[in-house]
Amino acid sequence: MPGEFPTVRPRRLRATERLRNIVRETRVHPASLMLPLFVVPGTGKAEEVSSMPGVKRWSVDRVSEEAGRAYDAGVRSVILFGIPESKDASGTQAWSDEGIVQKALAALRKDLPDLTLVTDVCLCEYTDHGHCGVLRGEEVQNDPTLELLAREAVSHARAGADVVAPSDMMDGRVGAIRRGLDGAGFEEVPILSYAVKYASGFYGPFRDAAESAPSFGDRRSYQMDPANGREALRELEQDLVEGADMVMVKPALPNLDVLASVRAACNVPVAAYQVSGEYAMIKAAGERGMIEEERVVDETLTAIRRAGADLILTYFAESAARRAAWS
Ligand code: PBG
């Protein structure tokens, strides 16, 4: 039994940074941060994303500059999002071996051989209607989309992806991708499933960056209702049964309770995505002097880790890694 005040004084261990440092329960290691990268067609490009100050869209010939800076800071993985040259109804550029992500994989593999390359597997950046699957009328069709996602994942693996990360939220996609990869000889390529992905207002800035906003409707018929926590565990269970090697919860900060329950319910590595809107809010408030940006970033990343994330996908990866390496 703990004693009582004045014998017990929790403040004793908070008195100096020397003491606080040695009793700290949670640390963010640079290698637990994954940097999202947007890749655009063309050459010589580093385009600002207006809703995400400090984030750029890189052409293939320059993407290694940004990835290299993150690598120097201790970041050991990136996740790639491609903005294709052209879009169509079924997103065929997604599985083109000459596609934008496929080319970026080749460049990054050559320039940064020790960086882990993850790819986002989804159709929304590649379809002209901006939905994550193929349509019949205005309905996003589940089963016909599975085959296309599997093709995309196989094409990424062929181009050198270390890990594929499906974010589309079709039912059965982890299994379909696993079978596709195995059938093509990529049985060693792991799947990081966006298992728990909510239909969130926090993705707004990303859709500017990736030019992937749906042209009609929204994603609520496939992404999860943010009101549902138990359903997250069903999604988790299903993805594990289908062969997910790692799972993700997204967005991160509004869903720390879900993250903690996912962590407790499984024994695979768990990732959390601090998404574009979470980034944009911190940036905007920081730029206006309302909060101290760096302090708030570190606090959020520590909280996400404390809630159970092994890996955190964050647009702050490079700068946070530089601080984390010395903390
Ligand atoms: C693709 C995808 C999205 C994000 C990651 N993968 C957008 C969406 O579902 O609309 C969001 C990431 C972010 O907001 O930073 N489906």
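Here, every reference points to the structure presented above.
Just so we're clear, the structure is a prediction, and the values are computed from it rather than from any experiment.

J.: Looking at this structure, I do not really get the overall build of the chain. What am I missing?
T.: Within the chain one finds 11 helices and 12 strands. A compact globule built from 327 residues should have a C-alpha radius of gyration of about 20 Å, and the chain, at 20 Å, falls within 12% of that. Its C-alpha atoms give the chain principal-axis dimensions of roughly 70 × 45 × 40 Å. Looking at the 327 residues of the chain, the share that counts as buried comes to 52%.

J.: Just to check I follow, could you spell out the layout of surface pockets for this structure?
T.: Rolled over the atoms, a probe with the dimensions of a water molecule shows which regions are left empty. Counted as a void, the largest pocket has a volume near 520 Å³. Forming the walls of the largest pocket are 18 residues, and the residues nearest its centre are Arg24, Thr26, Asp298, Glu299 and Thr302. Of all the secondary structure elements, the ones that give two or more residues to the lining of the largest pocket are α1 (17-23), α10 (293-306) and α11 (317-324). At seven residues, α10 tops the list of elements feeding residues into the lining of the largest pocket. Among the residues forming the lining of the largest pocket, the class breakdown is five nonpolar, four polar and nine charged. The computed volume of the second largest pocket comes to approximately 290 Å³. Every residue lining the second largest pocket is counted, 17 residues in all, and those nearest its centre are Asp171, Glu231, Arg234, Glu235 and Gln238. Elements supplying a minimum of two residues to the lining of the second largest pocket: α5 (173-183) and α7 (230-241). No other element matches α7, which puts six residues into the lining of the second largest pocket.

J.: Where do I start with the environment of alanine 165 in this structure?
T.: Its place among the elements puts alanine 165 in strand β8 (residues 163-166). Sequence separation of alanine 165 and alanine 244 is 79 residues, and the distance between their C-alpha atoms is 9.5 Å. Among all residues touching alanine 165, those that are not within four sequence positions of it are Ile79, Val118, Thr119, Asp120, Val121, Leu192 and Tyr194.

J.: I keep staring at the packing of aromatic side chains and nothing clicks. Help me out?
T.: What characterises a pair of aromatic rings is the spacing of the ring centres plus the angle enclosed by the ring planes. For the coordinates displayed, the defined rule picks out eight aromatic pairs. Ring geometry for phenylalanine 38 against tyrosine 315: centres 6.1 Å apart, planes inclined by 10 degrees, an arrangement best described as stacked. One end of the pair, phenylalanine 38, is in strand β1 (residues 33-40); the other, tyrosine 315, is in the loop between β12 (311-314) and α11, and 277 residues separate them in sequence. Just as phenylalanine 38 is buried, tyrosine 315 falls in that class too. Where tyrosine 279 meets tyrosine 315, the ring centres are 5.7 Å apart and the plane angle is 65 degrees; that geometry is what we call edge-to-face. With tyrosine 279 in helix α9 (residues 276-287) and tyrosine 315 in the loop between β12 and α11, this pair connects stretches of sequence that are 36 residues apart. Among the aromatic residues, those joined into a ring-pair cluster are Phe38, Phe81, Tyr194, Phe206, Tyr273, Tyr279, Tyr315 and Phe316. Lying across the ring of tyrosine 203, lysine 197 places its NZ or CZ 5.6 Å from the centre.

Criteria and thresholds
Residues numbered from 1 in each chain as written. Predicted model: local features only at pLDDT ≥ 70, side-chain atom pairs only at ≥ 80, totals over all residues. Heavy atoms only, no water. Helix = DSSP H or I, 4+ residues; strand = E, 2+ residues; numbered from the N terminus. Rg over C-alpha atoms; globule rule 2.2 N^0.38 Å. Buried < 20%, exposed > 50% of the residue type's maximum accessible area, 1.4 Å probe, protein only. 1 Å grid on protein atoms, 1.4 Å probe; cavity = no way out; pocket = protein on both sides within 12 Å on 5 of 7 lines; lining within 4 Å. Points joined across faces, edges and corners; volume = space filled by probe spheres on them. Nonpolar A, V, L, I, M, F, W, Y, C, P; charged D, E, K, R; others polar. Contact = heavy atoms within 4.5 Å. Phe/Tyr/Trp six-rings, centres within 6.5 Å; stacked < 30°, edge-to-face > 60°. Lys NZ or Arg CZ within 6 Å of the ring centre and 35° of its normal.

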